[in-house]
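Letter by letter, the chains look like this.
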Amino acid sequence: MNRRLRLVASGACALLSAALCLAYGEHVRSQSERLREEALERYGGEVVTLVVATEGIEVGESVSRVNVAEREWLVDLAPADAVTGLDSVLGTEVSVPVAAGVPLTELNFRDSAESVEVPPDRVALSVPLDDDLGVPPGTAVGASLAAYEADEDGVRMISEDVRVLAVPQTGTGLMGSGSITVAVAPDDVARLLAASDAGCLRLALPGDEALALAEGEQSAPESVPAEKDGEDEAEDGEAEDTTGEDDVS
């Protein structure tokens, strides 16, 4: 085979490989969409079209058709103030970062004067305030709360470090209306949202050493000095009795 035929064969193989890759990508995409549609049918419920980030969007980046897409979402799981129209946010810069796969909300487009600073290892969430949530009055920005899930099966901790990023501006402190913005670890996002949606989320304001003390109570002490002292006294008593017996003999 001469050089020209080898080049033609190589080019044909390259085109065939590219075509196979594109076909496989389309197959994976269609399969993913099919599974998602089946999940919507399986769970049921009314759905709404939301604008969802297809990749992480940082502060200052503009929304485009590359980094977001319109997706169907269960109404019961849709976050508060979610963006429902792509055209309304195209070209708009975000002031609060959003992770890939998360619906965009009005929180992501707050004015720079009202924007919150999200720690790089956290995800910002907006949690509706109500009387059952349990947030103490006067809770300020920067406070660290503990999140619990309370239902008929008992009370379970979700996270011991839920940081407050923003609270409703009421002039007199935190009130039972509006929403509170918090930063949580990525692994706790799904469980916290589910608990909030189910109405079993509780937020508490622990003292500086409260959680450490609670953890300490769950572990048994390594030594029991009082019992050891009692054993020593008993041994001393036996020794005295033995000495007394020797004296009598």
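Residues numbered from 1 in each chain as written. Predicted model: local features only at pLDDT ≥ 70, side-chain atom pairs only at ≥ 80, totals over all residues. Heavy atoms only, no water.

### Looking at the overall build of the protein chain
Across its full length, the protein chain holds four helices and seven strands. Counting from the amino terminus, helix and strand elements in the protein chain follow one another as α-β-β-β-β-β-β-α-β-α-α. Out of the 249 residues belonging to the protein chain, those deemed buried represent 26%. Restricting the contact set of the protein chain to residue pairs at least 6 apart, pairs at least 24 apart contribute 63%. Approximately 16,400 Å² of the protein chain is accessible, and the part contributed by carbon and sulfur atoms is 52%. (Helix = DSSP H or I, 4+ residues; strand = E, 2+ residues; numbered from the N terminus. Buried < 20%, exposed > 50% of the residue type's maximum accessible area, 1.4 Å probe, protein only. Contact = heavy atoms within 4.5 Å. Areas by Shrake-Rupley, 256 points an atom, 1.4 Å probe, with all protein chains shown as cover.)

### A closer look at helix α2 (residues 189-198)
Those residues of α2 that fall on the buried side of the exposure criterion are V189, L192 and A195. Along α2, the residues classed as buried sweep out an arc of 140° about the axis, all on the same side. Facing away from the buried side of α2, by more than 90 degrees, are the exposed residues A190 and A198. Residues of α2 that are buried make contact with β3 (123-128), β4 (144-151), β5 (154-166), β6 (179-184) and β7 (201-204). In the stretch just after α2, G199 is the one whose phi turns positive, near 80°. (Arc of directions from axis to C-beta.)

### A few points about the pattern of salt bridges
Proximity of charged atoms lets side chains of opposite charge pair with each other. For the coordinates displayed, the defined rule picks out six salt bridges. Put simply, R65 and D87 hold a salt bridge, and the shortest N to O gap is 3.6 Å. Of this pair, R65 sits in the loop between β1 (47-53) and β2 (68-74) while D87 sits in the loop between β2 and β3, and the two are 22 residues apart along the sequence. Judged by its relative accessible area of 59%, R65 is exposed. (Salt bridge = Lys/Arg side-chain N within 4 Å of Asp/Glu carboxyl O.)

### Observations concerning the side chain of N67
Within the element layout of this structure, N67 appears in the loop between β1 and β2. Accessibility expressed as a relative area gives 5% for N67, which makes it buried. Within the structure, N67 has its side chain in polar contact with the backbone nitrogen of S64 (distance 2.9 Å). Sequence-distant contacts of N67, that is, excluding residues within four places in its chain, are made with V52, A53, T54, E55, I57 and S62. (Polar contact = N/O pair within 3.5 Å; in protein donor to acceptor, adjacent residues only side chain to side chain.)

### A short note on the confidence of the model for the protein chain
For the protein chain, per-residue confidence averages 75 on the pLDDT scale, and 71% of positions sit at 70 or higher. When mean pLDDT is taken per element in the protein chain, β4 scores highest with 90 and helix α4 (residues 225-248) scores lowest with 50. Note that residues 170-176 has pLDDT below 50 and, in this model, twelve contacts with residues that lie over four places away or in other chains. Counted against residues more than four places away or in other chains, residues 216-231, with its pLDDT under 50, gives zero contacts. (pLDDT = per-residue confidence, 0-100.)

### Looking at the sheet that holds β5
Read across the sheet, five strands follow the order β3-β6-β5-β4-β7 without closing on themselves; strand pairing throughout is antiparallel. In the strand order of this sheet, the two ends are held by β3 and β7, each with one partner. Averaged over neighbouring strand pairs, the angle between their axes works out to 45° when direction is ignored. Of the pairings in the sheet, the one linking β4 to β5 comprises seven bridges and is antiparallel in character. Of the residues in β5, the one forming a bridge with A147 is S159. Helix-sheet contacts for α2 involve β3, β4, β5, β6 and β7, and the interaxial angle to β3 is about 10°. (Pairing = 2+ DSSP bridges. Axes fitted to C-alpha atoms, helices over the stretch in contact; angles between N-to-C directions.)

### A closer look at the environment of P128
For P128, the position within the fold is in strand β3. Each C-alpha atom of the pair P128 and A80 lies 7.7 Å from the other, and the pair is 48 residues apart in sequence. Residues in contact with P128, not counting those within four places in the same chain, are L133, G178, S179 and S196.

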